[in-house]
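Analysis of the macromolecular model
Letter by letter, the chains look like this.
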Amino acid sequence: MKLIDRPEWKELSDHWKVIEPMHLRELFADDEKRAETFSMTACDLLIDCSKNRVTAETMEKLAALAEACGLRGKIEAMFTGEKINQTEDRAVLHTALRAPREAQVFVDGEDVIPGVHEVLDRMEAFCSKVRSGEWKGYTGKSIKNIVNIGIGGSDLGPVMAYEALKPYTQRDLKVLFVSNVDGTHIAEAVRDLDAEETLFIVASKTFTTQETMTNAQSAKAWALETLKDEAAIARHFVAVSTNADEVSKFGIDTVNMFGFWDWVGGRYSLTSAIGLPVMLAIGPENFRAMLSGYHAMDSHFRTAPFSENAPVILGLLGIWYNNFFDAATHAILPYDQYLSHFAAYFQQGDMESNGKYITQNGERVEWQTGPVIWGEPGTNGQHAFYQLIHQGTKLIPCDFIGFCKSQNPVGDHHVKLMANFFAQTEALAFGKTKEALEAEGTPSELIPHKTFEGNRPTNSIMAEKLTPEVLGQLIALYEHKIFVQGMIWDIFSFDQWGVQLGKILASAILPELESDSELGHDSSTNKLIEYFRANK
Ligand SMILES: O=P(O)(O)OC[C@H]1O[C@H](O)[C@H](O)[C@@H](O)[C@@H]1O
């Protein structure tokens, strides 16, 4: 049945008319226990959803929608390796990447878990050698620099996790990431490096991605300027891919290749061998701790009743704002500098997964799907875009993420940081009334400008400390939230056909930029190309 024809959807539409005029001020005043009722603990995370424009009835109705859409069965289908990525005829098993050794998950009759652990063990052995200095470069020097070359899912996750877990990194090992095909990226990355002490990881699921292959070729040329001998490549280049043939063609011995599988989507691949630069940086033990954090959240998602299931609840709240309040965007606001790349990571995670207008049946959707995801770490965002969240005309649901303990307990920085977190969610929810301004003696002409309507919804997600386990839990929380929404919107969350057209057109345009051939595009594209040709 079409999503909007479901009785549960219609009930939510009617219910929205009742809730929309209500203010969070009233909802809190009416229920002393609101914070208790609408918050939960999931693994090591405290998730407070009480500052949302919902009542207990709203949550029941949203859960009823999830049930009606068959969410429970869909979760099981994913975990058990059904080919739910139908347009690519693939299973979706990133959860198997962090399952314990004794687990069993079958794809086409084969248990994938032994293969997962075999790769993890090989990664571990390799990382230990590099970290201890036992792995030598071609001229006998130990490795001091790691350069990960990848893009999209083969870059954003490693960058995000490396930044997030910096306190756990081996500081004498420099880790750099190159993604953009803009030559500036690789040129700046290698500028001060010594090729004799540098190891490149070429990370690409397909090993055909234009940006990554171009950067990898340039890295090879750069390394050979110093190392001279092709035989040096084996000591300075390793690959992470599902495509052994292309890895060999590039000149990397498959002995130095760490594999993964077509049932791992690029944007869900951080816990596969794509995490190699992270494991090199933080060490195998911390990497495995991160995996156990992911697994704990996976189990929570698979087993907790919907009323206590954090990814389900966050997913449903997102649907409530996206589809009933017409909120077009969702902000992720971590109050932790180490999570500076968290929102960027989930821009791909969420927008590449749920940015689709075609249903699983191939029809145009008649409802909104994935929101625009954005955000920056607090408090920087406060001094940039929070004005619009507080007093703009758009409703922007926000996730605030913060920790009780700082990794860098310098002076009173951390209490100041967290005071801002709490104050912002309070201000967004409760605002500041005309009456309060009058009582303060605010000049009447300024009262409209200084009034805060409030009623801006937020989720607050907290943990004691940003450890590898907690990071794993947080990432899995968001991954599964995306799944919940995609399933309810009835779209295919695990393909990404929308990125293909631009790639095809770019390969047609490329030779035109290097010749004077006749141009057959629209007048705008022709004009831009002509301008480039004339001035390059
Ligand atoms: O890992 P690769 O095969 O090089 O793919 C890198 C990226 O390329 C594509 O553009 C996809 O949209 C992304 O999902 C993917 O992560």
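None of the values given here were measured: they were computed from a predicted structure.

**Quick notes on the pairing of strand β6 (residues 174–178)**
Most of β6 is tucked away, with four of its five residues classed as buried. When strand β5 (residues 145–149) meets β6, the two strands line up parallel, connected through five bridges. Across the sheet, the residue bridging to I149 is V178, located in β6. For the segment spanning β5, helix α7 (residues 156–164) and β6, crossover handedness is right-handed.

**A few points about the domain arrangement of the chain**
Annotation of the chain at the domain level lists domain 1 (3–69 + 304–489), domain 2 (94–287) and domain 3 (497–534). Of note, the centres of domain 1 and domain 2, computed from C-alpha atoms alone, are 35 Å apart. Taken together, the 22 residues of domain 1 in the interface contact 20 residues of domain 2. Looking at the side of domain 1 facing domain 2, the largest losses of area belong to Y338, Y345 and P468, adding up to 33% of the total buried there. At the boundary of domain 1 with domain 2, the tally comes to two salt bridges. Between E352 and R267 there is a salt bridge, and its shortest N-O distance comes to 2.8 Å. Those elements that place two or more of their residues in the side of domain 1 that touches domain 2 are α15 (342–354) and α20 (468–489).

**Observations concerning the packing of helix α6 (residues 113–132) against helix α13 (residues 284–303)**
One can describe the packing of α6 onto α13 by two numbers: an axis separation of 10 Å at closest approach and a directional angle of 145°. Here H117, L120, D121, M123, E124, C127, S128 and R131 of α6 lie close against α13, whose contacting residues are P284, F287, R288 and L291. Partitioned by chemical class, the residues of the contact of α6 with α13 number six nonpolar, two polar and four charged.

**Looking at the site of the ligand**
Taken together, 13 residues surround the ligand, and among them S154, S204, T206, T209 and E352 come closest. Between the ligand and the protein, one listed contact pairs an oxygen atom with a side-chain N or O atom of T206 at 2.6 Å. For the ligand, an oxygen atom lies 3.4 Å from a polar atom in the side chain of Q348. About the coverage of the ligand: the protein hides 88% of its 390 Å² of free accessible area. Along the lines of polarity and charge, the residues of the shell around the ligand split into two nonpolar, eight polar and three charged.

**As for the pattern of salt bridges**
In a structure, side chains of opposite charge can pair up when their charged atoms sit close to one another. The full count for this structure, using the stated rule, is 27 salt bridges. For R302, the salt bridge identified is with E76, shortest N-O distance 2.8 Å. You can see R302 sitting in helix α13 and its partner E76 sitting in helix α5 (residues 71–79), a full 226 residues away along the chain. On the accessibility criterion, R302 (32% relative accessible area) is partly exposed. Of the residues examined, E76 reaches a relative accessible area of 30% and is grouped as partly exposed. A salt bridge links D412 to K416; its shortest N-O distance comes to 3.2 Å. Look at D412 and you get partly exposed, because its relative accessible area is 38%. One salt-bridge network, in which partners are shared between bridges, spans R101, D121, E124 and R288.

**Thoughts on the packing of aromatic side chains**
Evaluated as defined, the whole model comprises 29 aromatic pairs. An angle of 85° between the planes, with centres 6.1 Å apart, marks the rings of F301 and F483 as edge-to-face. Of this pair, F301 sits in helix α13 while F483 is found in helix α20, placing the two residues 182 residues apart along the sequence. Measuring from ring centre to ring centre gives 4.7 Å for Y345 and F346, while their planes differ by 65°; the resulting arrangement is edge-to-face. Taking the relative accessible area as the measure of exposure, F346 reaches 2% and is therefore buried. Taken together through their ring pairs, the aromatic side chains of Y335, W374, F385, Y386, F400, F421 and F422 make up a single cluster. Positioned above the aromatic ring of F28, the side-chain terminus of R34 is 5.3 Å from the ring centre. The ring centre of Y357 lies 4.3 Å from the NZ or CZ of R364, which sits over that ring.

**A few points about helix α9 (residues 210–227)**
Taking 1.5 Å of rise per residue, the 18 residues of α9 would be expected to cover 26 Å, and the 25 Å separating its terminal C-alpha atoms lies within 8% of that figure. Buried residues of α9: T212, M213, N215, A216, A219, K220, W222, A223, L224 and L227, and no others. A positive phi of about 65° marks K228, the residue just after α9.

**As for the environment of P334**
Here P334 shows up in strand β10 (residues 329–334). You can call P334 buried: its relative accessible area is 1%. Between the C-alpha atom of P334 and that of E36, which follows or precedes it by 298 residues, the distance is 23 Å.

**Side note on the sheet that holds strand β1 (residues 39–42)**
In spatial order, the strands read β1-β2-β13-β12-β10-β11; together these six strands make up an open sheet with mixed pairing. Edge positions in the open sheet fall to β1 and β11 (372–374), since each of these has one partner strand only. Here the strands of the sheet are splayed against their neighbours by 15° on average, with no regard to which way each runs. Two elements, strand β12 (residues 398–403) and strand β13 (residues 458–463), share six bridges in a ladder whose sense is parallel. Within β13, the residue paired with F400 across the bridge is S460. Sheet strands touched by helix α17 (residues 413–430): β12 and β13. Its angle to β12, the strand with the most contacts, is close to 155°.

About the criteria used
- Residues numbered from 1 in each chain as written.
- Predicted model: local features only at pLDDT ≥ 70, side-chain atom pairs only at ≥ 80, totals over all residues.
- Heavy atoms only, no water.
- Buried < 20%, exposed > 50% of the residue type's maximum accessible area, 1.4 Å probe, protein only.
- Helix = DSSP H or I, 4+ residues; strand = E, 2+ residues; numbered from the N terminus.
- Pairing = 2+ DSSP bridges.
- Right-handed = clockwise from strand over helix to strand, strands pointing away.
- Domains from an automatic or database assignment.
- Contact = heavy atoms within 4.5 Å.
- Buried area = accessible area lost by both parts, 1.4 Å probe.
- Salt bridge = Lys/Arg side-chain N within 4 Å of Asp/Glu carboxyl O.
- Axes fitted to C-alpha atoms, helices over the stretch in contact; angles between N-to-C directions.
- Nonpolar A, V, L, I, M, F, W, Y, C, P; charged D, E, K, R; others polar.
- Near = heavy atom within 4 Å.
- Polar contact = N/O pair within 3.5 Å; in protein donor to acceptor, adjacent residues only side chain to side chain.
- Areas by Shrake-Rupley, 256 points an atom, 1.4 Å probe, with all protein chains shown as cover.
- Phe/Tyr/Trp six-rings, centres within 6.5 Å; stacked < 30°, edge-to-face > 60°.
- Lys NZ or Arg CZ within 6 Å of the ring centre and 35° of its normal.
- Expected span 1.5 Å × (residues − 1).

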